[in-house]
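Observations on the three-dimensional arrangement
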Amino acid sequence: HYRQSPFIKELAVLGLHDTGAPMGERLHAVIVPDADALRTRGIVNVRELLRFEIEGLAVQLPAHKRILSYDISTEPLPRTTTGNR
């Protein structure tokens, strides 16, 4: 769902332990931005843009599927030897 954004090239979502949450876990993402799309549109504040994109897409999902935090990576996400994530 989140990869609908033209600014997100790759995304991995994982659950992080959160002692303050009722279920004890929150969704966290590692995002690899699409550098070409950012450059083409002259975007310099990547973190702010991704926050806006994620929040805009999250409202279309139930609360338990919403990303609540994220990190940005400039490196491609790791893959298996067969090319899977």
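Above: the structure in question.
Everything numeric in this text was worked out from a predicted model, so none of it was measured.

Re the overall build of the protein chain
- Helices and strands together make up the secondary structure of the protein chain, namely two helices and three strands.
- Its helices and strands taken in sequence order, the protein chain reads β-β-α-α-β from the N to the C terminus.
- Referenced to the eigenvectors of the C-alpha coordinate spread, the extents of the protein chain come out at roughly 40 × 35 × 20 Å.
- Looking at the protein chain as a whole, 31% of its 85 residues qualify as buried.

Some details on the pattern of salt bridges
- Enumeration over the complete set of coordinates arrives at four salt bridges.
- Between Asp-36 and Arg-39 there is a salt bridge; the shortest N-O distance is 3.2 Å. Residue Asp-36 and its partner Arg-39 are both found in helix α1 (residues 35-40); the two are separated by three residues, about one turn of the helix. For the pair Asp-36 and Arg-39, one class covers both residues: exposed.
- The salt bridge partner of Arg-51 is Glu-48, with a shortest N-O separation of 2.3 Å. With Arg-51 and Glu-48 both in helix α2 (residues 46-58) and three residues apart, this pair spans about one turn of that helix.
- Given the relative accessible area of 32%, Arg-51 is considered partly exposed.
- Among the charged side chains, a salt-bridge network with shared partners connects Glu-48, Arg-51 and Glu-55.

Cut-offs and rules
Residues numbered from 1 in each chain as written. Predicted model: local features only at pLDDT ≥ 70, side-chain atom pairs only at ≥ 80, totals over all residues. Heavy atoms only, no water. Helix = DSSP H or I, 4+ residues; strand = E, 2+ residues; numbered from the N terminus. Buried < 20%, exposed > 50% of the residue type's maximum accessible area, 1.4 Å probe, protein only. Salt bridge = Lys/Arg side-chain N within 4 Å of Asp/Glu carboxyl O.

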